[in-house]
Amino acid sequence: QVQLVESGGGLVQPGGSLRLSCAAPVFFNINTMGWYRQAPGKQRELVAIFASGGMTNYAGSVKGRFTISRDNTKNTVNLQMNSLKPEDTAVYYCNAEVYQGGRLVGYWGQGTQVTVSS
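Residues numbered from 1 in each chain as written. Predicted model: local features only at pLDDT ≥ 70, side-chain atom pairs only at ≥ 80, totals over all residues. Heavy atoms only, no water.

A. Here's a closer look at the sheet that holds strand β7 (residues 66-71). In spatial order, the strands read β1-β3-β8-β7; together these four strands make up an open sheet with antiparallel pairing. If you trace the sheet from one side to the other, it starts and ends with β1 (5-7) and β7, each paired once. The sheet shows a mean angle of 15° between the axes of neighbouring strands, direction not considered. The pairing of strand β3 (residues 18-23) with strand β8 (residues 76-81) spans six bridges and is antiparallel. Looking at β8, one finds that A23 is bridged to T76. (Pairing = 2+ DSSP bridges. Helix = DSSP H or I, 4+ residues; strand = E, 2+ residues; numbered from the N terminus. Axes fitted to C-alpha atoms, helices over the stretch in contact; angles between N-to-C directions.)

B. Here's a closer look at the state of the cysteines. Scanning the model with the defined rule gives one disulfide in all. What pairs with C22 in a disulfide is C94, and their sulfur atoms sit 2.0 Å apart. With the S-S dihedral at roughly -85°, the linkage between C22 and C94 falls on the left-handed side. Here C94 lies in strand β9 (residues 90-100) and C22 lies in strand β3, a separation of 72 residues in the sequence. Its relative accessible area of 1% is what places C22 among the buried residues. (Disulfide = S-S within 2.5 Å. Buried < 20%, exposed > 50% of the residue type's maximum accessible area, 1.4 Å probe, protein only.)

That is the geometry; function is a separate question.
Have a look at this one:
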């Protein structure tokens, strides 16, 4: 049962831009929400996230190029990716930690492919 719905992604040339979006059910009481990625043969890694309290965290490799934004009224987060590099190629996953029944429950999107290639 898909709870996080992702959109965006695709094929782009180096130096180009893409925008990813993720929507969670509006009734979710969200603690953290953001994006991870997994390249072939590598572990899943944090890209950018709104942490508890609303602070943003970025992977060092994307600072200055990627920007995460959100709309709390709609429980959506977006990831604007600029100056894309071939090493940004990966499947990007939306993640949310949600308060449910007094505990935090993690949810993942289905993943969206981002390919940076000439």
